[in-house]
Amino acid sequence: MTLSSSATADHIYATGLRNQWHPVVPSHFVAPGGMRKVTALGEQWLLFRRSDGALSMLADRCPHRGAPLSLGKHLGDRVACWYHGVEVEPDGTVSSVPGLPGCSLEGKKLVTSLPVREVAGAILAYFGDEEHPEPAELTPPEPLTDPDVDAFLCYAEWNSPWRYAVENLLDPMHGAFLHHDSHTMFDGDTTAKFRIRETARGYFFEKTDQRGVNFDWVELCRTGVDWVDLSIPYPPSAGPGGPFGIVGMVCPVDERRSGVFFWRYRRVEDWQRASWRFLYRTLIEQRHWDVLEQDRVMLEAMPADADQRENLYQHDLGVVRLRRLYRAEAETQSTAGA
Amino acid sequence: MTDTWPYLDVHQSRTHEPTPYEYKLAATLEEVYTREGHELADVVRGLNARQVHASDGSPWTEESFRAEMNRLGA
Ligand code: FES
Ligand SMILES: [Fe+2]
């Protein structure tokens, strides 16, 4: 059974919150007419795309005896399990049992299928538990839907728990230290006072005494999918267009792994937009990558019990707030079926 | 496309490995932005002063620079 509502709070906290959308993999990971096996929220899934582009996401588990459907055959509009040939439609309905025509499995919806949507080059899926199969309302991040904003997606896979990856984003102060040797975050005070400012969709965690110099603020946004928005100044070499922003999302893959999605975006038009895109592809993408690698190296090296033996201070308020939020939701979700 | 974990690919935005001409133009453009500013006229003058010309060898005009950026940054 996938995403059971009887999962413990610890399990949910470790493998990702239910009853909301999460990013899974970039859209181009599943070609038209292709399939791809993925892990998300600690479970195995199959992404299946018809040749006309229509995408579906199924539990990677044959309804007959549990073989992975991802080892099966793409039949265009359905998948056939390799083991005994049972055929499953994109909505999870068994369309045929070739070994026993007329078998009672036929016509039954026996495979979990998750609602999916594609946003700015990423596949998002709704992970409801048994009690909440209907998808929550999803408002995609506006920097990714605003036509005046241009964005590039960077996706990477980290051997780090999903929450550490999100906490890293709610911890702007690391920019002035971890990223001190970088193309964008070399500047800014190494001391700061922070505050939390509530918004209708989440909260800001921001410096009270500096803005527009380093990684000085971040907004956690909960709009059906959890994402962060932040802004970092570019050096003059990046040309006209002002700072770049990041929309960040994290896929909880399993207890120890996460997929990170970073859209680097900039509000630019005309030749300035073209110039940024040209420089980004040619030179800047590599530098952004080098910054991200600093995060990966640090997070992957964190001990498994890092969050059990801490001594936090004022800069960690954003992280504390995040944990409280997620922990409370994990508790609620674990008792939803009780 | 690889199925192996982890996926760590530096370049996800490129359509091709940049040519030597593109690398040179990009590097010079960064220098011009840093030293001459961000106005189109200054950028064109800065590139021409550095003798970094269009791929056909002719000096840049605002129109030709704009067109080339739109091609390379599409
Ligand atoms: S296990 Fe899939 S057809 Fe038997
Ligand atoms: Fe970072």
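Please read all numbers here as calculations on a predicted model, not as lab measurements.

Definitions and cut-offs
Residues numbered from 1 in each chain as written. Chains lettered and ligands numbered in written order. Predicted model: local features only at pLDDT ≥ 70, side-chain atom pairs only at ≥ 80, totals over all residues. Heavy atoms only, no water. Donors = N, O, S within 2.8 Å, 3.2 Å for Na, K, Ca; no water. Tetrahedral: all angles 85-135°; square planar, octahedral: opposite > 155°, others 65-115°. Helix = DSSP H or I, 4+ residues; strand = E, 2+ residues; numbered from the N terminus. Buried < 20%, exposed > 50% of the residue type's maximum accessible area, 1.4 Å probe, protein only. Expected span 1.5 Å × (residues − 1). Contact = heavy atoms within 4.5 Å. Buried area = accessible area lost by both parts, 1.4 Å probe. Salt bridge = Lys/Arg side-chain N within 4 Å of Asp/Glu carboxyl O. Polar contact = N/O pair within 3.5 Å; in protein donor to acceptor, adjacent residues only side chain to side chain. Nonpolar A, V, L, I, M, F, W, Y, C, P; charged D, E, K, R; others polar.

Q: I'd like to hear about the coordination of the iron ion (ligand 2), residue by residue, with values.
A: All names here are of chain A. Surrounding the iron ion (ligand 2) are the protein donor atoms His-174 (NE2), His-179 (NE2), Asp-295 (OD) and Asp-295 (OD), which sit 2.0 to 2.5 Å from the metal. Taken together, the 4 donor atoms coordinating the iron ion (ligand 2) and their angles of 57 to 147° define a geometry best described as irregular. Mapped onto the sequence, the residues coordinating the iron ion (ligand 2) show the spacing H-x4-H-x115-D. Of this pair, His-174 sits in the loop between α3 (162-169) and α4 (175-178) while Asp-295 is found in helix α5 (residues 270-301), placing the two residues 121 residues apart along the sequence. We note that His-174, like Asp-295, is buried.

Q: An account of helix α1 (residues 20-36) of chain B is needed here, citing residue identities and associated values.
A: Between its first and last C-alpha, α1 of chain B extends 23 Å over 17 residues, near the 24 Å set by a 1.5 Å rise per residue. Those residues of α1 of chain B lying buried are Glu-22, Leu-25, Ala-26, Thr-28, Leu-29, Glu-30, Val-32 and Tyr-33 of chain B. Contacts from the buried residues of α1 of chain B go to α5 of chain A together with α2 (40-49) and α3 (62-72) of chain B. Once α1 of chain B ends, the next one or two residues include Gly-37 of chain B, with phi positive near 105°.

Q: Run through the interface of chain B and chain A, naming residues and quoting values.
A: In this complex, chain B contributes 34 residues to the contact, which on the side of chain A involves 37 residues. Taken together, the two surfaces of chain B and chain A that pack against each other cover about 3,200 Å², and 59% of this comes from carbon and sulfur. Our count for the contact surface shared by chain B and chain A stands at 2 salt bridges. In this structure, the salt-bridge partner of Arg-66 of chain B is Asp-270 of chain A, at a minimum N-O distance of 2.4 Å. Counting across the interface, chain B meets chain A through 17 residue pairs in polar contact (both at pLDDT 80 or more). When contributions to the side of chain B that touches chain A are tallied by element, the ones reaching two or more residues are α1, α2 and α3 of chain B. Here the residues of the side of chain B that touches chain A are counted per class, giving 19 nonpolar, 9 polar and 6 charged.

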